[in-house]
Amino acid sequence: MLNESPVYAYVPISNIERGRHFYEDVLEFKPQMQIPNVGVTYQSANETAFFMYLSDGAGTNAASTAFWMVDDLEKTVTGLKERGIEFIEYDTPRMKTNNGIFESSGSKAAWFKDPDGNVLALIQEL
């Protein structure tokens, strides 16, 4: 049933202009569909997309809101750092990052936040 339908991420924001600056100018997404005073849809690879929308709940989730599968995590992290993105460092019993990157037996991951505090992730399968 639902496994035959596409799924899209919602990314709540509190200010459309600030959100657009971050997702369009910093992360380089191009707007696909705009609904005035509501939000913007951004297309990603393989026909995936996310909808950035105004919400009073922006930034209230401590877990990842969305993630992107990348081919070269270190290169992507370096490129985003050059654009001013700060990566989250974790040091917990279950996970410790090194220069913003966590590595497990089957993948690498890195996390950063948008201006509203939504946690966004990058994942590379090994």
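Below is a summary of the structure that appears in this document. Everything numeric here is computed off the predicted structure, so don't read it as measured data.

**A word on the pairing of strand S2 (residues 31–35)**
Logical step 1: Two strands pair when backbone bridges link them, and S2 and strand S3 (residues 39–43) are joined in this way by four bridges, in the antiparallel orientation. Within S3, the position partnered with Met33 by the bridge is Thr41.
Logical step 2: What sits between the antiparallel neighbours S2 and S3 is a turn of three residues, in which Asn37 has the positive phi angle 60°.

**Quick look at the packing of aromatic side chains**
Logical step 1: Enumeration over the complete set of coordinates arrives at 13 aromatic pairs.
Logical step 2: Ring geometry for Phe51 and Tyr53: centres 5.9 Å apart, planes at 5°, overall stacked.
Logical step 3: Taking the relative accessible area as the measure of exposure, Phe51 reaches 15% and is therefore buried.
Logical step 4: Look at Tyr53 and you get partly exposed, because its relative accessible area is 23%.
Logical step 5: Here the aromatic residues Phe22, Tyr23, Phe29, Tyr42, Phe50 and Trp68 are joined through ring pairs into a cluster of three or more.

**Focus: the sheet that holds S3**
Logical step 1: Strand order in the open sheet made by the four strands is S1-S4-S3-S2, with mixed pairing throughout. The sheet is open, and its two edges are formed by strand S1 (9–13) and S2, each paired on a single side. With direction set aside, neighbouring strand axes in the sheet form an average angle of 20°.
Logical step 2: On the sheet, helix H1 (residues 16–26) packs against S1, S2, S3 and strand S4 (49–54) and is oriented at approximately 155° with respect to S4.

**A look at unusual backbone geometry**
Logical step 1: Of note, Asn46 is a non-glycine position whose phi angle comes to about 55°, a positive value.
Logical step 2: Counting through the fold element by element, Asn46 comes out in the loop between S3 and S4.
Logical step 3: Residue Asn46 is classed as exposed on the basis of its relative accessible area, which comes to 74%.
Logical step 4: The residue Glu47 is not glycine, and still its phi comes out positive at about 60°.
Logical step 5: Structurally, Glu47 is set in the loop between S3 and S4.

What counts, and at which threshold
Residues numbered from 1 in each chain as written. Predicted model: local features only at pLDDT ≥ 70, side-chain atom pairs only at ≥ 80, totals over all residues. Heavy atoms only, no water. Pairing = 2+ DSSP bridges. Helix = DSSP H or I, 4+ residues; strand = E, 2+ residues; numbered from the N terminus. Phe/Tyr/Trp six-rings, centres within 6.5 Å; stacked < 30°, edge-to-face > 60°. Buried < 20%, exposed > 50% of the residue type's maximum accessible area, 1.4 Å probe, protein only. Axes fitted to C-alpha atoms, helices over the stretch in contact; angles between N-to-C directions. Contact = heavy atoms within 4.5 Å.

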